[in-house]
Amino acid sequence: TPQGHRLRFAAHTLIFLEGDRAQRIFEVTDGVVMLYKLLADGRRQVVELLGAGDMFGLTHHPVYDCSAESLLPCSVIAYERAAFERSPALVRTLNTCLQAQILALREHAMLLGRQRPHHGVDQLELLAGRATVGGELAHLAGELLLEATDPLHEELVEVAAEDGDELDPLEQ
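Residues numbered from 1 in each chain as written. Predicted model: local features only at pLDDT ≥ 70, side-chain atom pairs only at ≥ 80, totals over all residues. Heavy atoms only, no water.

**What about the sheet that holds strand S8 (residues 74–80)?**
1) Next: Reading across from one edge, S1-S8-S3-S6 is the order of the 4 strands in this open sheet, with antiparallel pairing throughout. The open sheet has two edge strands, strand S1 (4–9) and strand S6 (55–56), and neither has a second partner.
2) Next: Pairing analysis gives 2 bridges linking strand S3 (residues 24–30) to S6, with the strands arranged antiparallel. When the bridges of S6 are listed, Glu27 appears paired with Met55. (Pairing = 2+ DSSP bridges. Helix = DSSP H or I, 4+ residues; strand = E, 2+ residues; numbered from the N terminus.)

Okay, here's the thing in structure tokens:
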């Protein structure tokens with residue numbers, strides 16, 4: 001596109017790290033991108049899974065507040081932040097994306113407010129039907145995708161088990 005650069009990433013490729021200078025905003029055109037934060041104990045907490053049409057790299061800080069990695073081969077368009085100042089069309093696209101994210105967050109908040117001690121299938125179906133997956137389901141889906149596509153994942157679980165550590169599969 002005239003305002004952005006198309007980039008292609010292989011599966012499990014780092015796009016940016018938490019703390020990197022936030023110079024670009026990205027739009028997923030195909031594939032899956034995972035946003036995550038590294039916890040103090042070294043575990044990775046999945047923040048969100050993104051697919052075609054989703055945008056990421058949005059922050060009001062000068063640095064990214066989480067890391068981004070391709071889970072599967074993916075294509076993105078990388079826009080310089082200044083491009084949004086010059087293009088009303090880009091601002092409209094960003095606005096639409098942000099509205100969808102706010103709606104998804106509200107739905108997730110409502111879902112959390114209604115949680116019972118045992119999660120029902122109806123709640124998972126509700127989450128699975130959303131365009132942008134968030135919260136616990138994103139974490140579970142991200143870990144399942146990692147397990148299925150990352151050959152090192154199984155080795156990490158085996159090493160931890162040999163050390164006597166009991167790992168929650170969602171907190172690896």
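**Regarding the nonpolar core**
1) Next: Judged by nonpolar contacts, the single largest core of 16 residues is most densely connected at Ile15, Phe16, Phe26, Val33, Phe56, Ala68 and Val76.
2) Next: Going through the elements one at a time, strand S2 (14–16), S3, strand S4 (33–38) and S8 are the ones with two or more residues in this core.
3) Next: Broken down by element, the residue count for this core peaks at 3 residues, all from S8.
4) Next: Ignoring anything within four residues of it in the chain, the contact list for Val76 reads His5, Arg6, Leu7, Phe9, Phe26, Glu27, Val28, Thr29, Val33 and Phe56. (Core = buried A, V, L, I, M, F, W, Y, C linked by side-chain atoms within 4.5 Å. Buried < 20%, exposed > 50% of the residue type's maximum accessible area, 1.4 Å probe, protein only. Contact = heavy atoms within 4.5 Å.)

**Structural notes on the environment of Thr29**
1) Next: Relative to the helices and strands, Thr29 is located in strand S3.
2) Next: On the basis of relative accessibility, which here comes to 28%, the residue Thr29 falls in the partly exposed class.
3) Next: For the pair Thr29 and Ser75, spaced 46 residues apart in the sequence, the C-alpha separation amounts to 5.4 Å.
4) Next: Setting aside residues no more than four positions away along its own chain, Thr29 makes contact with Arg6, Ala52, Ser75, Val76 and Ile77.

**Overview of helix H2 (residues 88–113)**
1) Next: A rise of 1.5 Å per residue sets the reference length of H2, with its 26 residues, at 38 Å; its end C-alpha atoms lie 37 Å apart and thus fit the reference within 8%.
2) Next: Of all the positions in H2, only Leu90, Leu94, Cys97, Ala104, His108 and Leu111 are classed as buried. (Expected span 1.5 Å × (residues − 1).)

**Some words on the confidence of the model for the chain**
1) Next: Looking at the chain as a whole, its pLDDT mean stands at 76, while 65% of the residues score no less than 70.
2) Next: Of all the helices and strands in the chain, strand S9 (residues 133–134) carries the lowest mean pLDDT, 42, while S2 carries the highest, 98.
3) Next: Overall, residues 117–137 carries pLDDT values under 50, and its contacts beyond four positions in sequence, including any with other chains, amount to 29 contacts.
4) Next: With pLDDT under 50 throughout, residues 165–172 is counted as low confidence; its partners more than four residues away or in other chains account for 15 contacts. (pLDDT = per-residue confidence, 0-100.)

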